[in-house]
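# Secondary and tertiary structure notes
Letter by letter, the chains look like this.
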Amino acid sequence: MNLADLNKVARAMVAPGKGILAADESSGTIKKRFDAINVESTEDNRRDYREMLFRARDAMSEYISGVILYDETIWQKAKDGTPLVKLIEQAGAIPGIKVDEGTKPLPGCPGELITMGLDGLPTRLPKYYEQGARFAKWRAVIDIGAGIPSYAAIRTNAHALARYAALCQAAQIVPIVEPEVLMDGDHSIDRCFEVTEFVLKETFQELYYQKVALEGMILKPNMAISGKKAKDRAGVAEVAEKTVKLLKECVPAAVPGIAFLSGGQSDEEATAHLDAMNRIGNLPWNLTFSYGRALQAAPQKAWSGKAGNVAAGQQAFTHRAHMNGLASKGEWKADLESKKAA
Ligand code: 13P
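Here is a short report on the structure shown in this document. The model shown is predicted, which means the values in this text are computed figures rather than measured ones. (Residues numbered from 1 in each chain as written. Predicted model: local features only at pLDDT ≥ 70, side-chain atom pairs only at ≥ 80, totals over all residues. Heavy atoms only, no water.)

### Some words on the overall build of the protein chain
Stated precisely, the cut-off is as follows: Per the convention used, a helix needs a DSSP run of H or I reaching at least four residues, while a strand needs a run of E reaching at least two, with both numbered from the N terminus. C-alpha atoms define the radius of gyration, and 2.2 Å times the number of residues to the power 0.38 defines the globule rule. For every residue, the accessible area (1.4 Å probe, protein chains only) is compared with the maximum for its type, and the residue is labelled buried under 20%, exposed over 50%, or partly exposed between those bounds.
A count of helical and extended segments in the protein chain gives 14 helices and 10 strands. Relative to the globule expectation of 20 Å for 342 residues, the C-alpha radius of gyration of the protein chain, 19 Å, shows essentially globular dimensions. If one aligns the C-alpha atoms of the protein chain with their principal axes, the spans along those axes are about 50 × 45 × 40 Å. Of all 342 residues assigned to the protein chain, the portion counted as buried reaches 56%.

### Some remarks on the site of the ligand
The condition is simple: Working definition: residue near molecule or strand if any one of its non-hydrogen atoms lies within 4 Å of it. Any pair of nitrogen or oxygen atoms within 3.5 Å is treated as a polar contact; in protein, a donor-acceptor pairing is required on top of that, and neighbouring residues in sequence qualify only through side-chain atoms on both sides. Areas reported as accessible are Shrake-Rupley estimates using a 1.4 Å probe. Residue values count occlusion only from the protein chains shown. For this classification, the nonpolar set comprises Ala, Val, Leu, Ile, Met, Phe, Trp, Tyr, Cys and Pro, the charged set comprises Asp, Glu, Lys and Arg, and every other residue, Gly included, is treated as polar.
Of all residues adjacent to the ligand, which total 13 residues, the nearest are K137, K220, S262, G263 and R293. At a separation of 2.5 Å, an oxygen atom of the ligand approaches a polar side-chain atom of K137. For the ligand, an oxygen atom lies 2.5 Å from a polar atom in the side chain of S262. Taking 300 Å² as the accessible area of the ligand by itself, protein coverage stands at 92%. Mapped by element, the contributors of at least two residues to the shell around the ligand are β6 (135-142) and β10 (286-291). The residue inventory of the shell around the ligand, partitioned by class, reads 3 nonpolar, 4 polar and 6 charged.

### A closer look at the pairing of strand β1 (residues 19-23)
Cut-off, in case you're wondering: Pairing between strands is defined by DSSP: at least two bridges between them are needed.
With 5 of 5 residues buried, β1 is to be regarded as a mostly interior element. In terms of strand pairing, β1 meets strand β2 (residues 64-69) through 5 bridges, oriented parallel. Paired with L21 across the strands is V67, a residue of β2. Here β1 runs beside β10; their pairing, made up of 2 bridges, is parallel. Each bridged residue has a counterpart across the sheet, and for I20 the counterpart in β10 is S290.

### Side note on helix α13 (residues 310-327)
Quick note on the threshold: The length a helix should cover is 1.5 Å for every residue beyond the first.
Helix length check: α13, at 18 residues, gives a terminal C-alpha distance of 26 Å against a target of 26 Å (1.5 Å per residue), a fit within 8%. For α13, the tally of buried residues reaches 14 of 18 residues, placing the bulk of the element in the interior.

### Looking at helix α8 (residues 151-170)
As a reminder, the rule being used: The contact criterion used is simple: two residues touch if any of their non-hydrogen atoms lie within 4.5 Å.
The end-to-end C-alpha distance of α8, which contains 20 residues, comes to 29 Å, matching closely the 28 Å that a straight helix rising 1.5 Å per residue would cover. Along α8, the positions that sit buried rather than exposed are A153, I154, N157, A158, A160, L161, A162, Y164, A165, L167, C168 and Q169. Of the surrounding elements, those touching the buried residues of α8 are α1 (3-13), β5 (113-115), α7 (121-130), β6, β7 (174-181) and α9 (189-209). Phi turns positive one or two residues past the end of α8, at Q172, with a value near 65°.

### A word on the side chain of R46
Here R46 lies in helix α3 (residues 43-54). Judged by its relative accessible area of 11%, R46 is buried. Only 2.8 Å separates the side chain of R46 from the side chain of E72, close enough to count as a polar contact. In contact with R46, other than residues within four places in its own chain, are I30, F34, S41 and E72.

### Digging into unusual backbone geometry
Here the bond from I148 into P149 is cis, since omega is 15°, no more than 30 degrees from zero. Of note, the phi angle at Q172 is positive, near 65°, even though the residue is not glycine. Relative to the helices and strands, Q172 is located in the loop between α8 and β7.

### A short note on the pattern of salt bridges
Once the charged atoms of two side chains with opposite charge are near each other, the side chains can pair. The line we're drawing: The term salt bridge refers to a pairing of a side-chain nitrogen on Lys or Arg with a carboxyl oxygen on Asp or Glu at a separation within 4 Å.
Within this structure, the stated rule accounts for 25 salt bridges. Residue E51 pairs with R55 through a salt bridge whose shortest N-O separation is 2.8 Å. Residue E51 is classed as buried on the basis of its relative accessible area, which comes to 10%. Taking relative accessible area as the criterion, R55 reaches 34% and is therefore assigned partly exposed. Notably, a salt bridge pairs E331 with K329, separated by 3.7 Å at the nearest N-O pair. What makes E331 partly exposed here is its relative accessible area of 42%. Among the residues examined, K329 registers a relative accessible area of 40% and is labelled partly exposed. Via salt bridges that share partners, D44, R47, D48, E51, R55, K79 and D80 belong to a single interconnected network.

### Re the environment of A153
You can see A153 is positioned in helix α8. The exposure class assigned to A153 is buried, which follows from its relative accessible area of 2%. Taking the C-alpha atoms as reference points, A153 and L113, 40 residues apart in sequence, are found 7.1 Å from one another.

### A closer look at the packing of helix α10 (residues 236-250) against helix α11 (residues 267-280)
Under the convention used in this document: An axis is simply a line fitted to the C-alpha atoms; with a helix, the fit covers only the stretch in contact. Between two such axes, the angle follows the N-to-C directions and lies from 0 to 180 degrees. Geometric relationships in this document are graded by angle, where less than 35 degrees denotes roughly parallel, more than 145 denotes roughly antiparallel, 65 to 115 denotes roughly perpendicular, and other angles denote oblique. In this scheme the handedness of a crossing depends on how the near helix is turned from the far one: anticlockwise by less than a right angle means left-handed, clockwise means right-handed.
Close contact between α10 and α11 brings their axes to 8 Å; oriented N to C, the two are set at 60°. It follows that α10 is oblique to α11 by the angle criterion. Regarding α10 and α11, the two cross each other, and that crossing is right-handed. Within the contact between the two elements, α10 uses V236, V239, A240, E241, T243 and V244 and α11 uses A272, H273, A276, M277 and I280. Across the contact of α10 with α11, the residue classes break down as 8 nonpolar, 2 polar and 1 charged.

Below, the structure written as structure tokens:
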């Protein structure tokens, strides 16, 4: 492992003004997204859609530091035969790869999940590296509900995250460590804080036990946020303040950056929360975005599967990337949303 190089990639992933495009939806998830815009989820349509994003030159070169790809995409070629990975590299962004294989029920823990994909990972990683991937992602899912999460689910998922992260670093790939506490349900922001704190503390303990170099990784957490169905959901200032407090209590300063997931927040909420945290300032790590839905919902709608809408889709993507790029520096303003300056 060359830690200096891992650290260089990690820092580039969270460079101020830039963040990560999570375009790594599994075939099942992208089908759901396409169903919502009445587009059939064929291999060609998935390629056309992602090609549209990766060819949005302004967004990709100015506001996007890296792109998380799904296995299908990393091997795909654009319509003119250029590998999609090359499009990303040509724009100056870093290709990354989702390497987990989704979740399965965790035995003994009704209603809870464990992320799969460790078997065979040491063989897959060098192939992804050769194909251009310089970072990877693994998502663990923790649900809040009656009597859950259990310690068993938190601990088992933290262990798997650390196993994955150590294997990535051995293969000279920066791991994005993503323990996601879901915002489904009606729990309060304080319950989310409490569960996330436990999850992050367990995760960093496992990373330590398994000798993961913190300087060569990125954390991708949820924010401290009210459940989607909660009454009296916390406002922007409270989310920002509690999330910063939570992270300061759990994330060592040696971690170069934290790139949030959007997790079902609206586009503008996700931007406003990130912006408010960066306005608090004085943080030991760079705080940015690694959004899937909050970057792609608008372009998906504008595109709607029609070749004639590619420019509109790219414009919608550029706008969201621009807004989140500003938020990563604490320079976003709500009135920029209506200007669609991009
Ligand atoms: P969302 O921003 O849509 O939550 O997706 C980010 C991600 O990569 C989830 O694993």
